[in-house]
Amino acid sequence: MAIQVDKFNFESLPSPQDERSQFANQKKLEEERQQAQGLEINSKLDIHWKIPSLKREGEASVEGVLNQLVLEHLQLAPLQWDVLVDGKPCDCDVVANCNVGDPVPLEVKLTNRSKHSVGPFALTIVPYQDYQNGVQNYELRDAVTFVGPNTFYIDSVKPTENSLCFGALLFLYTGDFFLNIKFHDDNSSRELPLSWFCLPSVHIRALEPVLQTKL
């Protein structure tokens, strides 16, 4: 049985009372956080069970099945990443069209919805082609070039604030291209869950420019 729900914003839950104490037991604090998150999930799911033959009924609970990996997949990532190609946001179902030979503006935006400052980060943009047969071609030096660097650097971002990075791509041939955005494995990113670094997929289709005929 599968139940579809929106991801949970655990950042909005109140922190344990002893969290600010420097002598607090970290294991106890983590248990209290998981208990609060489990109660939040139970209240949203609201699953009831009933066995008519035994005339018994009750409520189902997720307690006992939660762990850090499961919670990371259930929660709404506090870091919101937006990628814009030529000023338009990218999504898994959106293909950004551009013309061969025209610089294509690329923008990466990070919005920090967590309670703490995050960063600095460094991310590298790597274009590739997917042949839909298990083969991906990253050797595109003769097909795609960058106007400027292909590595973006993001300084520390405070809660509720955002940071913008700008660059540009130039496609030399027609075709369908994808962007693989890789995070550098530094101390800042290693301390945060991997689920916080989910960027939208970027699909760009380079087309021949339309020639304007003069009347």
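A brief structural summary.

Cut-off values and rules
Residues numbered from 1 in each chain as written. Predicted model: local features only at pLDDT ≥ 70, side-chain atom pairs only at ≥ 80, totals over all residues. Heavy atoms only, no water. Core = buried A, V, L, I, M, F, W, Y, C linked by side-chain atoms within 4.5 Å. Buried < 20%, exposed > 50% of the residue type's maximum accessible area, 1.4 Å probe, protein only. Helix = DSSP H or I, 4+ residues; strand = E, 2+ residues; numbered from the N terminus. Polar contact = N/O pair within 3.5 Å; in protein donor to acceptor, adjacent residues only side chain to side chain. Phe/Tyr/Trp six-rings, centres within 6.5 Å; stacked < 30°, edge-to-face > 60°. Contact = heavy atoms within 4.5 Å. Pairing = 2+ DSSP bridges.

**What to know about the nonpolar core**
Then, in step 1: Within the largest apolar cluster, 34 residues are counted, with the highest numbers of intra-cluster contacts made by W81, F121, F171 and I204.
Then, in step 2: Those elements giving two or more residues to this core turn out to be β3 (79-85), β5 (95-99), β6 (104-112), β7 (121-130), β10 (151-154), β11 (162-171), β12 (175-183) and β13 (202-207).

**Some thoughts on the side chain of T151**
Then, in step 1: By the secondary structure assignment, T151 is in strand β10.
Then, in step 2: Engagement of the side chain of T151 in a polar contact is seen with the side chain of T124, the distance being 3.1 Å.

**Some details on the packing of aromatic side chains**
How two aromatic rings sit relative to each other is given by the distance of their centres and the angle of their planes.
Then, in step 1: Overall, the coordinates contain eight aromatic pairs when judged by the stated rule.
Then, in step 2: Between W81 and F197, the aromatic rings sit 6.4 Å apart at their centres with planes inclined by 35°, giving tilted as the arrangement. Taken together, the positions of W81 in strand β3 and F197 in the loop between α3 (187-190) and β13 put the pair 116 residues apart, joining distant regions of the chain. Judged on exposure class, the residue W81 and its partner F197 are both buried.
Then, in step 3: Considering the side-chain rings of F183 and F197, the 4.8 Å spacing of their centres and the 70° angle between planes classify their relative orientation as edge-to-face.

**Here we look at the environment of N112**
Then, in step 1: Mapped onto the elements, N112 comes out in strand β6.
Then, in step 2: Here N112 falls in the buried class, since its relative accessible area comes to 0%.
Then, in step 3: Once the C-alpha coordinates of N112 and Q80 are considered, the two residues, 32 residues apart in sequence, prove to be 6.5 Å apart.
Then, in step 4: Every residue in contact with N112, bar those within four places of it in the chain, is listed here: P78, L79, S117, V118, V157, K158, P159, T160 and E161.
Then, in step 5: At 3.4 Å, the side chain of N112 and the backbone oxygen of K158 are in polar contact.

**Digging into the sheet that holds β6**
Then, in step 1: Taken in spatial order, the five strands line up as β4-β3-β6-β11-β9 in an open sheet, and their pairing is antiparallel. Two strands close off the open sheet at either side, each with one partner strand: β4 (88-89) and β9 (144-146).
Then, in step 2: Two strands pair when backbone bridges link them, and β9 and β11 are joined in this way by three bridges, in the antiparallel orientation. Looking across to β11, one finds that T145 is bridged to L170.

**Some points on unusual backbone geometry**
Then, in step 1: In this structure, P120 follows G119 across a cis peptide bond, with omega equal to 5°.
Then, in step 2: Here P120 shows up in the loop between β6 and β7.
Then, in step 3: Despite not being glycine, K55 has its phi angle at roughly 55°, a positive value.
Then, in step 4: Turning to its location among the elements, K55 is positioned in the loop between β1 (48-51) and β2 (56-59).
Then, in step 5: The phi dihedral of T160 is positive, around 70°, even though this residue is not glycine.
Then, in step 6: Owing to a relative accessible area of 70%, T160 belongs among the exposed residues under this scheme.

**Topic: the pairing of β12**
Then, in step 1: The sheet contact formed by β7 and β12 spans six bridges and is antiparallel. If you follow Y128 over to β12, its bridge partner there is F178.
Then, in step 2: Bridge analysis of β12 against β13 gives five bridges, and the strand direction is antiparallel. Residue pairing in the sheet places G175 in a bridge with A206 of β13.

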